[in-house]
Amino acid sequence: MINITFPDGAKRAYEAGVTALDIAKSISEGLARKVIAANVNGEVWDATRPIHADSAVILLTWSDADGKKAFWHSTAHLMAEAVEASFPGVKFWVGPPLDSGGFYYDMDLGDRKLSEEELSALEKKMNELAKQNNAYVRKDVPKQEAIQYFTEKGDEYKLDLLSNLEDGNITFYTQGNFTDLCRGPHIPATGIIKAIKLTSVAGAYWKGDEKNKMLTRVYGISFPNQKELDEYLQMLEEAKKRDHRKLGKELGIYTMDDDVGQGLPLWLPNGTIVIEELEKLAKETEDAGDYKRVVTPHIAKESMYLTSGHLPYYQDSMYPPMEVDGQKYYLKSMNCPHHHKIFAAEPKSYKDLPLRLAEYGTCYRYEQSGELFGLMRVRCLHMNDAHIYCNKEQFGDEFRAVNDMYLKYFKIFGIDRYVMRLSLHDPEKLGQKYINEPELWLETEALVRKVLVESNIPFVEVKGEGAFYGPKIDVQIWSAIGREFTLATNQVDFAQGRRFNLQYTTADNGHDVPLIIHRAPLGTHERFIGFLLEHYAGKFPVWLAPVQVKILPISDKFSEYTKDVYRALRRAGIRAEIDDRNEKIGKKIRDTELMKIPYMLVIGEKEVNEGKVAIRRQGKGDAGTKSVEEFIAGVKNEIVNRADEV
RNA sequence: GCCGUUGUAGCUCAGGGGUAGAGCACUUCCUUGGUAAGGAAGAGGUCGUGAGUUCAAGUCUCAUCAACGGCUCCA
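The name that an unreviewed UniProt entry assigns to chain A is Threonine--tRNA ligase, with the source organism given as Niabella pedocola. On record in UniProt, under Subunit (unreviewed entry), the comment for chain A is "Homodimer."

Novice: What should I look at first to understand the UniProt feature "binding site: Zn(2+)" (unreviewed entry) in chain A in this one?
Specialist: UniProt records the feature "binding site: Zn(2+)" (unreviewed entry) at Cys-336, His-387 and His-518, using the numbering of this structure. A maximum C-alpha distance of 7.7 Å is found for the annotated residues, which run over 183 residues; spatially they form one tight group. Summarising the element assignment, His-387 is placed in strand S20 (residues 380-390). Residue contacts for His-387: discarding those within four places in its chain leaves Asn-335, Cys-336, His-339, Leu-355, Arg-356, Leu-357, Ile-516, Ile-517 and His-518.

Novice: Looking at this structure, I do not really get the UniProt feature "domain: Aminoacyl-transfer RNA synthetases class-II family profile" (unreviewed entry) in chain A. What am I missing?
Specialist: UniProt records the feature "domain: Aminoacyl-transfer RNA synthetases class-II family profile" (unreviewed entry) at residues 274-541, using the numbering of this structure. Within residues 274-541, the helical portion is 34% and the strand portion 27%, while the C-alpha atoms at the span's ends are 11 Å from each other.

Novice: What am I meant to see in the protein's contact with RNA strand B here?
Specialist: Around RNA strand B, 62 residues are found, and the nearest of them are Tyr-205, Glu-371, Ile-554, Asn-582 and Arg-590. Put simply, 47% of the atoms of RNA strand B that lie within 4 Å of the protein are in sugar or phosphate. A distance of 3.2 Å separates a base nitrogen of RNA strand B from a polar atom in the backbone of Val-201. The separation between a base nitrogen of RNA strand B and a polar main-chain atom of Gly-370 is 3.3 Å. Among the secondary structure elements, those contributing two or more residues to the surface near RNA strand B are strand S11 (195-205), strand S12 (214-223), helix H8 (244-250), helix H11 (310-314), helix H18 (585-594), helix H19 (605-610) and strand S31 (612-617). Class assignment of the residues belonging to the surface near RNA strand B gives a composition of 19 nonpolar, 17 polar and 26 charged.

Novice: I'm lost on the packing of helix H9 (residues 269-288) against helix H16 (residues 525-535) in this one. Help?
Specialist: For any two helices packed against each other, one specifies the crossing angle of their axes together with the interaxial distance. At a closest axis distance of 11 Å, the pairing of H9 and H16 adopts a crossing angle of 105°. What the angle tells us is that H9 and H16 run roughly perpendicular. Residues Val-274, Ile-275, Leu-278 and Glu-279 of H9 form the contact with H16, whose own contacting residues are His-525, Phe-528, Ile-529 and Leu-532.

Novice: Which parts of the structure should I look at to understand the packing of helix H5 (residues 143-153) against helix H6 (residues 156-163)?
Specialist: It is the contact of H5 with H6, at a shortest axis distance of 8 Å, that shows an interaxial angle of 165°. Between H5 and H6, the crossing angle belongs to the class labelled roughly antiparallel. Relative to H6, the crossing made by H5 is left-handed. For the pair H5 and H6, the contacting residues are Lys-143, Ala-146, Ile-147, Phe-150 and Thr-151 in the first and Lys-158, Leu-159, Leu-162 and Ser-163 in the second.

Novice: Please explain the nonpolar core as it appears in this structure.
Specialist: Nonpolar side chains in soluble globular proteins generally cluster together in the buried interior. Within the largest apolar cluster, 85 residues are counted, with the highest numbers of intra-cluster contacts made by Phe-413 and Leu-569. Here this core takes 9 residues from helix H13 (residues 392-413), the largest share from any one element. Each of two domains, domain 3 (268-293 + 347-535) and domain 4 (549-640), supplies a minimum of three residues to this core. Sequence-distant contacts of Leu-569, that is, excluding residues within four places in its chain, are made with Val-549, Ile-551, Ile-574, Ala-576, Leu-601, Phe-631 and Ile-632. One finds Val-83, Phe-103, Ile-196 and Leu-198 within the second-largest nonpolar core, a separate group that totals 41 residues.

Novice: I tried to follow the sheet that holds strand S28 (residues 549-553) on my own but got confused; where do I start?
Specialist: Two modes of strand pairing occur in sheets, parallel and antiparallel, and in both the strands are linked by backbone hydrogen bonds. What the 5 strands build is an open sheet, ordered S29-S28-S30-S31-S32; its pairing is mixed. Both edges of this open sheet fall to strand S29 (576-578) and strand S32 (621-627), since each of them pairs with a single strand only. If you compare each strand with its neighbour and ignore which way they point, the axes differ by 25° on average. Packed on one face of the sheet, helix H17 (residues 559-571) meets S28, S29, strand S30 (599-603) and S31 and runs near 165° to S29. Docked against the sheet, helix H20 (residues 628-640) engages S28, S30, S31 and S32, running at close to 115° with respect to S32.

Novice: Looking at this structure, how should I read the domain arrangement of chain A?
Specialist: Interfaces are often sized by the amount of accessible area the parts lose when they come together. Its domain assignment divides chain A into domain 1 (2-61), domain 2 (68-239), domain 3 (268-293 + 347-535) and domain 4 (549-640). Computed over C-alpha atoms, the centres of domain 2 and domain 4 are 58 Å apart.

Novice: What is the right way to look at the packing of aromatic side chains in this model?
Specialist: The final tally for this structure, using the stated rule, is 30 aromatic pairs. Summarising the aromatic geometry, the rings of Phe-92 and Phe-178 are spaced 5.5 Å apart at their centres and angled 80° between planes, so their arrangement reads as edge-to-face. In this pair, Phe-92 is assigned in strand S6 (residues 91-92) and Phe-178 in strand S10 (residues 178-181), connecting sequence segments 86 residues apart. In this structure Phe-178 comes out as buried when scored by relative accessible area, which is 0%. Ring-pair connections join several aromatic residues into one group, and the members of that group are Trp-62, Phe-71, Trp-72, Phe-223 and Tyr-232. The ring of Trp-45 has Arg-49 lying over it, and the distance from NZ or CZ to the ring centre is 3.7 Å. Between the NZ or CZ atom of Arg-217 and the centre of the ring of Tyr-104, over which it lies, the distance is 3.6 Å.

The rules behind these values
- Residues numbered from 1 in each chain as written.
- Chains lettered and ligands numbered in written order.
- Predicted model: local features only at pLDDT ≥ 70, side-chain atom pairs only at ≥ 80, totals over all residues.
- Heavy atoms only, no water.
- UniProt positions renumbered as here; feature names shortened; annotations may be inferred.
- Helix = DSSP H or I, 4+ residues; strand = E, 2+ residues; numbered from the N terminus.
- Contact = heavy atoms within 4.5 Å.
- Near = heavy atom within 4 Å.
- Polar contact = N/O pair within 3.5 Å; in protein donor to acceptor, adjacent residues only side chain to side chain.
- Nonpolar A, V, L, I, M, F, W, Y, C, P; charged D, E, K, R; others polar.
- Axes fitted to C-alpha atoms, helices over the stretch in contact; angles between N-to-C directions.
- Parallel < 35°, antiparallel > 145°, perpendicular 65-115°, else oblique.
- Left-handed = near helix turned anticlockwise from the far one by under 90°.
- Core = buried A, V, L, I, M, F, W, Y, C linked by side-chain atoms within 4.5 Å.
- Buried < 20%, exposed > 50% of the residue type's maximum accessible area, 1.4 Å probe, protein only.
- Domains from an automatic or database assignment.
- Pairing = 2+ DSSP bridges.
- Phe/Tyr/Trp six-rings, centres within 6.5 Å; stacked < 30°, edge-to-face > 60°.
- Lys NZ or Arg CZ within 6 Å of the ring centre and 35° of its normal.

Right, dumping it as structure tokens:
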């Protein structure tokens with residue numbers, strides 16, 4: 001007999017070799033039907049795997065994250081079985097579940113191509129196989145036998161996986177006619193998978209390396225019932241409505257044009273208002289932090305990028321140079337070298353530090369065409385950029401102040417889901433991807449880590465993601481539809497100061513090179529506005545809304561008073577428009593609601609007689625009447641405070 | 001850049017070898033209407049672009065450009 005300990009601390013004795021499924025059955029049949037995997041002493045196991053020693057067991061169902069993963073992983077195997085049945089000779093690489101939901105499987109179909117139309121046929125096949133309710137059977141396999149199996153099958157990808165595994169640690173899983181090298185865990189049988197959707201076909205480089213062969217990757221998702229699949233598909237539809245590309249078009253924020261070029265957004269009047277409001281916020285915040293504003297040209301000579309060291313590292317992602325007067329000029333893809341030149345323009349003393357130079361600089365990056373993505377990834381971008389020149393003693397305070405600025409912004413925009421990533425260098429790539437200064441790297445990384453720890457800011461460390469000139473903190477955020485991306489970046493640079501021969505006179509009349517902090521808390525206009533569109537679902541808070549108030553006269557009989565109200569709003573600096581179309585009030589309201597304009601003022605006979613306005617708040621309906629002055633005061637207050645919601 | 005998919009009116013989409021369609025938006029007229037779609041008429045497209053096949057090409061072939069879903073990349 002062995003003792004099984006449950007999450008609530010209760011213990012029960014079972015025969016050795018009992019499975020999680022047996023345990024569930026001993027509790028109730030209903031539970032047994034739901035259990036699809038188990039956490040045994042902290043490890044996720046098959047529900048059908050025998051337990052031979054005293055263990056702590058947590059039964060896992062579809063409601064548990066690990067249960068879902070086992071479910072999706074098992075569906076990936078089911079898909080592989082269907083693929084193998086349809087395309088004999090296919091070779092498989094890996095087929096994991098995804099944290100974000102669903103699974104994929106990478107495979108080599110040889111010369112065959114898989115079109116998206118064929119997916120529904122595969123789905124059908126998978127459903128047939130699922131109905132057979134085949135068990136997922138785990139088997140320990142000696143390495144030699146495993147190698148022999150995949151050698152016979154001619155699957156060099158699995159052999160590659162095997163080469164990294166140790167004997168005694170190798171398991172096969174078989175369901176129906178399909179056997180795969182896999183560490184598991186899997187659900188008990190295929191019959192549990194009731195609803196399957198294969199979502200897309202894509203190419204994926206083997207091992208993620210673009211020098212390797214491109215495999216075919218099929219993505220899919222599955223559920224234990226049709227209802228949840230329907231809900232999932234419904235959710236995808238909802239997400240589409242919040243997509244910044246759709247909203248950006250609908251709300252007149254930006255547009256793209258083939259004649260202008262790939263990844264080069266044209267900001268429409270409404271989008272430009274959002275840009276200007278964001279810049280206003282940034283300028284206020286930077287003024288309060290004693291930043292100085294500068295403006296620099298869009299191009300610079302090759303020599304400057306050789307000095308900075310950017311060219312050898314990033315030439316491929318810069319627009320090719322233009323030649324003028326026998327000199328090569330590059331479009332700038334970053335502002336830092338220009339700012340360094342401003343630092344160097346006049347002799348500096350320790351009394352000038354810290355010096356903070358800020359600019360909404362326009363940068364151009366020749367991003368690979370396949371990378372471009374709405375506003376999130378563009379080739380012309382406006383960075384909320386600044387460079388802080390300081391000494392080592394000042395560094396901690398400066399770095400902290402930058403982080404505080406991030407947090408201030410997050411609060412204003414209601415961003416509560418974010419992760420700070422401390423990105424470090426990779427010692428193996430010194431001299432290639434990173435400047436070859438091993439000691440300086442370690443010293444600076446320690447400096448940054450210390451500040452983060454002292455400020456109690458939670459962060460994760462990632463090796464091999466630093467900038468070429470120093471470590472950085474990237475802030476990952478998630479838009480409301482779950483899209484993850486890097487918003488802000490805060491980088492330390494110990495290299496460019498020396499490369500540009502930047503110096504300041506120290507208190508003891510010596511010379512020293514400043515440390516440089518590169519920071520962009522709002523990232524770029526493009527990415528940030530793309531984020532905000534999804535974050536707010538297009539319903540900007542009043543201070544950011546391109547049109548803040550729409551005035552809706554009930555008929556043209558009231559146009560005189562309507563114009564008075566309009567002029568009063570404009571005098572107060574409020575962005576207002578009149579809808580004087582020959583339409584009924586219900587139609588005007590509907591159109592204004594769809595344009596997501598925060599306030600509507602309905603004006604009819606009653607309002608004219610009383611000298612008031614009837615207020616309607618977007619998404620919330622009728623909000624009573626007020627005098628024009630009272631309404632203006634309220635809206636102005638909301639604007640000045642940059643209130644997130646009323 | 002690579003793999004796959006898609007390009008028809010401002011937007012959403014139908015039409016799959018025989019003279020270009022719908023709804024919404026737009027213009028004009030009627031209607032002056034009180035909190036999410038009043039009515040009528042009109043205008044608008046060399047079907048992404050360029051070649052080819054054909055008596056005939058949105059429709060079939062090829063090339064090219066762009067967008068979308070991924071991979072790789074992001075100073």
